[in-house]
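# Structural features, examined
So you can see what is in the structure, the chains are spelled out below.
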Amino acid sequence: MSYTFLNTPIEYLKGVGPQKADLLRKELHIFKYSDLLTFYPFRYVDRTKFYKVKEINADLPFVQLKGKIVNTKMVGAKRTQRFVATFADNTGTLDLVWFQGAKWFSDKIKQSATDEYIVFGKPTIFNGVFNISHPEIELVGEENTTLASALQAVYNSTEKLKSRGLDTKGISRLQKVLAPVLKNNIPETLSNSVIDRFQMLSREDAIKQIHFPQNPEMLKKAEFRLKFEELFFIQLKLLKQKVLRETTVRGFVFSKVGDYFNNFYNNYLPFELTNAQKRVIKEIRLDMCSGKQMNRLLQGDVGSGKTLVALMNILISLDNGFQTCLMAPTEILANQHFETISGLLAPLNINVGILTGSKKVKQRKLIHQQLQNGEMQILIGTHALLEDEVQFKNIGLVVIDEQHRFGVAQRAKMWEKNTQAPHMLIMSATPIPRTLAMTLYGDLDVSVIDEMPPGRKAIQTLHRFDNHRDNVFGFMKQQIALGRQIYVVYPLIKESEKLDYKDLMDGYESISRAFPAPQYQVSIVHGQMKADAKDFEMQRFVKGQTNIMVATTVIEVGVDVPNASVMVIESAERFGLSQLHQLRGRVGRGAEQSYCILMTSYKLSSDGKLRMDTMCRTNDGFEIADVDLKLRGPGDMSGTIQSGVLDLKIADLAKDAQVLHSARNMAIEVLSEDPNLEKPENSSIAYQLAMNNNNRINWSRIS
Ligand code: ADP
Ligand code: MG
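Okay, so let's go over this structure.

Criteria and cut-off values
All residue numbers here refer to positions counted from 1 along the written sequence of the relevant chain. Lettering for chains starts from A, numbering for ligands starts from 1, and both go in the order in which the items are written. pLDDT decides what is reported in this predicted model: residues at 70 or higher carry local features, side-chain atom pairs at 80 or more are listed and counted, and totals for whole chains, interfaces and linings draw on all residues regardless. Computation of side-chain values: all heavy atoms of the structure, hydrogens and water removed. Segments assigned H or I by DSSP are reported as helices when at least four residues long, segments assigned E as strands when at least two residues long, and all are numbered from the N terminus. Type-normalised accessible area, obtained with a 1.4 Å probe on protein chains alone, sets the label of each residue: buried when under 20%, exposed when over 50%, and partly exposed for intermediate values. Only heavy atoms enter the contact rule, under which two residues are in contact if any of them lie within 4.5 Å. Accessible surface is estimated by sampling points in the Shrake-Rupley manner with a 1.4 Å probe; for residues, cover comes only from the protein chains shown. A pair of strands is labelled paired if DSSP reports no fewer than 2 bridges between them. Every axis corresponds to a line fitted to the C-alpha atoms, with the helix fit spanning only the stretch in contact, and the corresponding angles, defined between N-to-C directions, vary from 0 to 180 degrees. The rule for a residue being near a molecule or strand is that one of its heavy atoms must lie within 4 Å of it. We call two N or O atoms a polar contact when they sit within 3.5 Å, provided that within protein one can donate a hydrogen and the other can accept it, with sequence-adjacent residues counted only if both atoms are side-chain atoms. Grid spacing is 1 Å over the protein atoms alone, the probe is 1.4 Å, and a cavity is where that probe fits but cannot get out, while a pocket is an open set with protein on both sides within 12 Å along at least five of seven lines and lining residues have an atom within 4 Å of a point. Grid points are joined across faces, edges and corners, and a volume is the space filled by probe spheres set on the points. Residues were grouped as follows: Ala, Val, Leu, Ile, Met, Phe, Trp, Tyr, Cys and Pro as nonpolar; Asp, Glu, Lys and Arg as charged; and all remaining residues, including Gly, as polar.

What follows deals with the overall build of the protein chain. Along the protein chain, the regular secondary structure elements total 24 helices and 22 strands. By residue count, 51% of the 703 residues in the protein chain fall in the buried class. Restricting the contact set of the protein chain to residue pairs at least 6 apart, pairs at least 24 apart contribute 73%. Split by element, the accessible area of the protein chain, about 33700 Å² in all, is 51% carbon and sulfur.

Next up, the structure:
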């Protein structure tokens, strides 16, 4: 094995001096040969395809053309001098322009009635005319025709790199220098049996092919091999963590279901549980009496009733003499959980507390005290729960709501709240695509609530253009006449905060005009209001004293007003899909038919249109999350950025679900036969896994 070769510093590569090496490190994190080799192309250009001049439009990335040079000229004086060659095929003409090396190119490229050239580059429009600056160009029939031979890799680059000649071509050139010396220098990372199972390329061949594919079939094989490998090692790591935890971390045994649970279940349960809720409660309960520490993700769409599931399990914890806590990402949500839970538990004489950032020191002290002497049985709160002063007498279960808003480190912090790690129940209301869940939470067990409480009518979602606002107002009046309440939500985005507030206030005014007092009452809630004013307005709406609530997205999470049955979302095209889905989830909580109206301008981007269509087509959060993932890519999905596991170099969770499943199943199989990866045939896998772990540590030191 020659890891030394792969670890060679990048400046040792021919063509990379100290300056370029510095840029490669800074701009692309390429430190050594292995980094360059795993700096994969982001797409390929088919060099066997030729475009015609008339087919060219500004959206095309790279094109290849065949034709003749019909005119050449030098333009401009000294510093701005450039060489322009007019290129023509039988459909039209365009200009090829060289700013650098103009003289050299003017000697090389001549007008000719017979010579044919192949030209390759990115067309741009300048003064209404198409041109290609600094194209690759070759005379047809020239000895070294590399063009038109195969798929050409295209690499990401940056402006800085480009200015130093490290554009996609420049990077390709470096790969070309490295390619011939690869022979037997890239160690295999998978075992023979894994490679055979999928008839994969060796790692070395895959890396060669990914940069210089022989043909589309080989490219496919190379992509599969490298994607598989990338996902396989992530899964292996997650699954190993899981096994390790299950074998080394003991869990509190909640051996009984006692009075708290039974009393509540028999006498105070506000409604019949859905079958899904019952099943999930059981799954969790079994976990908590297994002797292993539970780490379970509870997934369920908005409104599926996760809070009640959490509460039932909290009661089991109390029945076994343990305290519990419930952590939520926002103060509004923590407050609401506190109201709901202390309300439901009122008849049971249970001590429930709330701790948020805005609590006074004196109140905090009291809470801390009650936690330590065990008087306080359930603590609900925000990030404030993470603080070191928050110490329990004996905590047995931690529930985290809206997990995607917390990081892994925060989850880990809650482990330390008892001498032995408490059980962890992690709830996610934002449905995340399964591929993402498997990658982000691959070390957790998963329970899914796949059923809505009965009596809910599917929310009807409509898309309306701004110029139909009068109709929408008319509809709102009908609904108010039926006794319903309405949300009207405006976007509020940091970068355009000022304008957004203006839109909000303008909107509020026009709604107040269209819905005049005393017949109608209109509330407004936004982030710039004082907390008590916000509360006051919120309460008026909750109590049904106002008909319309005009708001920013502050109401996105939490708010639960069953009588509100219409959600109007202004400038809906400015919201992402998951946010639209969350907002829509504020209605449809009662028995009445609910509506969500998406208002947009007439001009919509194709993405915007797809988002509106998706919302109108389905209420299924998972389906929406899948579309969201495809539109935005995993890096942009809320809460995933910090996780690190998503620094994928080649696999794409939106597209590679199949590969991910294969990789995960293979990892399960390998570990089940060789849990510690001790068998000789798995030595390369074990070695690579250890390397990955080391690298991660090194990385965090560097950055
Ligand atoms: P989420 O899963 O989004 O956290 P909640 O726990 O807030 O959902 O529940 C949404 C609403 O559904 C609440 O008003 C809750 O009281 C109600 N609910 C929960 N379970 C049931 C059930 N089994 N039958 C009827 N309503 C229910
Ligand atoms: Mg919830």
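Following the structure, the description resumes.
The next point concerns the sheet that holds strand β20 (residues 548–551). As summarised here, the arrangement of the six strands in space is β17-β22-β21-β18-β20-β19, forming an open sheet in which the pairing is parallel. Each of the sheet's edge strands pairs with one partner strand only, and the pair in question is β17 (460–465) and β19 (522–525). The mean inter-strand angle of the sheet, taken between neighbouring strand axes irrespective of direction, is 20 degrees. Relative to strand β22 (residues 595–600), β17 runs parallel, the two being bridged by six bridges. Bridge pairing links Leu-462 to Ile-597 in β22. Set on the sheet, helix α18 (residues 497–514) makes contact with β18 (485–489), β19 and β20; between it and β19 the angle comes to about 170 degrees. Against the sheet, helix α19 (residues 531–542) contacts β18, β19, β20 and β21 (564–569), and its axis sits at roughly 140 degrees relative to β19.

Lining the immediate environment of ligand 1, one finds 16 residues, of which Gln-277, Gly-303, Lys-306, Thr-307 and Arg-456 sit closest. At 2.8 Å, a side-chain N or O of Gln-277 approaches a nitrogen atom of ligand 1. The contact in question runs from an oxygen atom of ligand 1 to an N or O atom on the backbone of Gly-303, over 2.6 Å. Protein chains bury 82% of the 570 Å² of accessible surface belonging to ligand 1 in isolation.

So, on to empty space enclosed by the protein. On inspection of all chains with the given rule, the structure shows two cavities of 30 Å³ or more. Its volume calculated, the second largest cavity comes out at about 30 Å³. Contributing to the lining of the second largest cavity are Leu-37, Gln-175, Ala-179, Leu-182, Ile-207, Lys-208, His-211 and Phe-212. Considering each element in turn, the lining of the second largest cavity owes the most residues, three residues, to helix α8 (residues 203–211). Taken together, the residues of the lining of the second largest cavity break down into five nonpolar, two polar and one charged.

Another aspect to go through is the layout of surface pockets. Its volume calculated, the second largest pocket comes out at about 1500 Å³. In this structure, the second largest pocket is lined by 44 residues; those nearest its centre are Glu-136, Asp-167, Thr-168, Lys-169 and Arg-173. Where the lining of the second largest pocket is concerned, the elements lending two or more residues are α4 (102–108), β5 (117–121), β8 (136–139), β9 (151–154), α5 (159–163) and α6 (168–178). Here the lining of the second largest pocket gets five residues from one element, more than from any other, and that element is α6. A class-by-class count of the residues in the lining of the second largest pocket yields 18 nonpolar, 15 polar and 11 charged.

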